[in-house]
Amino acid sequence: FGDELAVDRGQMPYIDPRSAIMKYARYHNLAVPYADEDTPLRQLNPCPVSTIHYCEGDEQRLHCQTSLTGVWPDPVTSAERLLDSDDPRRLTVTDRLSSDQALPVGFLLHSRYPWEQFAGGWVTAGPHGRLKVTPRWSPQVTEGQEDFIMGTKEPAYRLLLLSDPKTTHTLITDLEVERCA
């Protein structure tokens with residue numbers, strides 16, 4: 001529809017002094033284990049393992065699987081992200097994470113547009129389209145707020161859905177894009 005409803009904020013020229021800040025996982029669209037409600041873990045950088053995406057699909061469907069085991073420091077023992085779609089307007093994201101101690105996990109998604117909460121989820125909308133995010137799990141903390149900037153120096157809006165602390169997580173989150181009326 002021409003709107004950048006979900007964007008990865010970590011893209012910034014390395015000569016820009018802010019690029020050191022943007023290397024943190026919290027500026028990307030992913031599931032991040034937290035040490036506590038306020039402190040996301042930092043990914044190992046440089047990463048000691050390859051994160052290879054195994055994907056298949058066509059114009060209508062997509063299935064991707066990425067092992068992120070080895071990307072996070074202890075106590076995280078395994079992590080994986082699955083992307084499934086049978087319709088270009090809908091995407092199901094499944095994040096699995098295990099750890100040796102109970103940790104909360106945050107589902108992060110960024111947009112160029114503000115987030116608004118609705119019954120059951122969150123929505124962000126541009127002039128032509130809207131993106132609905134509906135977790136099939138029960139986040140304990142939810143927030144959609146302006147958070148720093150994009151690499152283009154425009155405001156960025158971060159959605160955080162934070163789980164209960166557990167040793168094993170399976171977070172299934174549905175994303176649906178639709179044209180604005």
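Residues numbered from 1 in each chain as written. Predicted model: local features only at pLDDT ≥ 70, side-chain atom pairs only at ≥ 80, totals over all residues. Heavy atoms only, no water.

Colleague: Which residues make up the pattern of salt bridges, and what values go with them?
Modeller: Scanning the model with the defined rule gives ten salt bridges in all. Notably, a salt bridge pairs arginine 90 with aspartate 87, separated by 2.7 Å at the nearest N-O pair. Judged by relative accessible area, which is 39%, arginine 90 ranks as partly exposed. Among the charged side chains, a network of salt bridges with common partners joins Asp87, Arg89, Arg90 and Glu176. (Salt bridge = Lys/Arg side-chain N within 4 Å of Asp/Glu carboxyl O. Buried < 20%, exposed > 50% of the residue type's maximum accessible area, 1.4 Å probe, protein only.)

Colleague: So what's going on with the side chain of arginine 158? Residues and values would help.
Modeller: Structurally, arginine 158 is set in strand β12 (residues 155-162). By relative accessible area, arginine 158 is classed as buried at 6%. One polar contact links arginine 158 to glutamate 143, side chain to side chain, over a distance of 3.2 Å. (Helix = DSSP H or I, 4+ residues; strand = E, 2+ residues; numbered from the N terminus. Polar contact = N/O pair within 3.5 Å; in protein donor to acceptor, adjacent residues only side chain to side chain.)

Colleague: How would you explain the sheet that holds strand β10 (residues 129-135) if you had to name every residue and give the values?
Modeller: The strands that make up a sheet are held in pairs by hydrogen bonds between backbone atoms, and each pair lies either parallel or antiparallel. Taken together, the eight strands give an open sheet; going across it, the order is β3-β4-β5-β6-β13-β10-β9-β8, and neighbouring strands pair in antiparallel fashion. Taken across any chain shown, the strands that pair with only one partner, and hence form the sheet edges, are β3 (53-57) and β8 (115-118). Across the sheet, the mean angle from the axis of one strand to that of its neighbour is 15 degrees, orientation sign disregarded. Of the pairings in the sheet, the one linking β3 to strand β4 (residues 62-67) comprises five bridges and is antiparallel in character. Paired with glutamate 56 across the bridge in β4 is histidine 63. (Pairing = 2+ DSSP bridges. Axes fitted to C-alpha atoms, helices over the stretch in contact; angles between N-to-C directions.)

Colleague: Just give me the short version of the pairing of strand β5 (residues 76-87), but keep the residues and values in it.
Modeller: Two strands pair when backbone bridges link them, and β4 and β5 are joined in this way by six bridges, in the antiparallel orientation. In the strand pairing of β5, cysteine 64 is matched with leucine 83. Count of turn residues in the β5/strand β6 (residues 90-103) antiparallel hairpin: two residues.

Colleague: Tell me what's going on with the environment of glutamine 140, and back it up with residues and numbers.
Modeller: On the secondary structure map, glutamine 140 appears in the loop between β10 and β11 (141-149). Sequence-wise, glutamine 140 and serine 163 are 23 residues apart; in three dimensions their C-alpha atoms are separated by 5.4 Å. In contact with glutamine 140, not counting residues within four places along its chain, are Leu162, Ser163 and Asp164. Only 3.0 Å separates the side chain of glutamine 140 from the backbone oxygen of serine 138, close enough to count as a polar contact. (Contact = heavy atoms within 4.5 Å.)

Colleague: Break down the environment of glycine 129 for me, citing the residues and quoting the values.
Modeller: By the element assignment, glycine 129 lies in strand β10. For the pair glycine 129 and cysteine 180, spaced 51 residues apart in sequence, the C-alpha to C-alpha distance is 4.8 Å. If sequence neighbours within four positions are ignored, glycine 129 has contacts with Phe1, Asp3, Leu5, Thr124, Glu178, Arg179 and Cys180.

Colleague: Break down empty space enclosed by the protein for me, citing the residues and quoting the values.
Modeller: To find leftover empty space, one rolls a probe the size of a water molecule over the atoms. Under the counting rule described, the total for this entry stands at one cavity of 30 Å³ or more. Volume-wise, the largest cavity comes out at about 70 Å³. Taken together, Leu30, Ala31, Gln43, Leu68, Trp72, Ala79, Glu80, Asp95, Arg96 and Leu97 make up the full set of residues lining the largest cavity. A total of three residues in the lining of the largest cavity trace back to one element, the largest contributor, which is β6. Looking at the lining of the largest cavity residue by residue, the class counts come to six nonpolar, one polar and three charged. (1 Å grid on protein atoms, 1.4 Å probe; cavity = no way out; pocket = protein on both sides within 12 Å on 5 of 7 lines; lining within 4 Å. Points joined across faces, edges and corners; volume = space filled by probe spheres on them. Nonpolar A, V, L, I, M, F, W, Y, C, P; charged D, E, K, R; others polar.)

Colleague: Which residues make up the side chain of threonine 94, and what values do they have?
Modeller: Residue position: threonine 94 is located in strand β6. Residue threonine 94 is classed as buried on the basis of its relative accessible area of 8%. Those residues in contact with threonine 94 that sit more than four places away from it in its chain are Glu80, Arg81, Leu82, Thr170, Leu171 and Ile172.

Colleague: Describe unusual backbone geometry, with residues and values.
Modeller: Between asparagine 45 and the following residue, proline 46, the backbone shows a cis peptide bond with an omega angle of 10 degrees. Along the polypeptide, proline 46 turns up in the loop between β2 (39-40) and β3. At the junction of aspartate 74 and proline 75, the peptide bond is cis and its omega measures out at 20 degrees in the coordinates. You can see proline 75 is positioned in the loop between β4 and β5.

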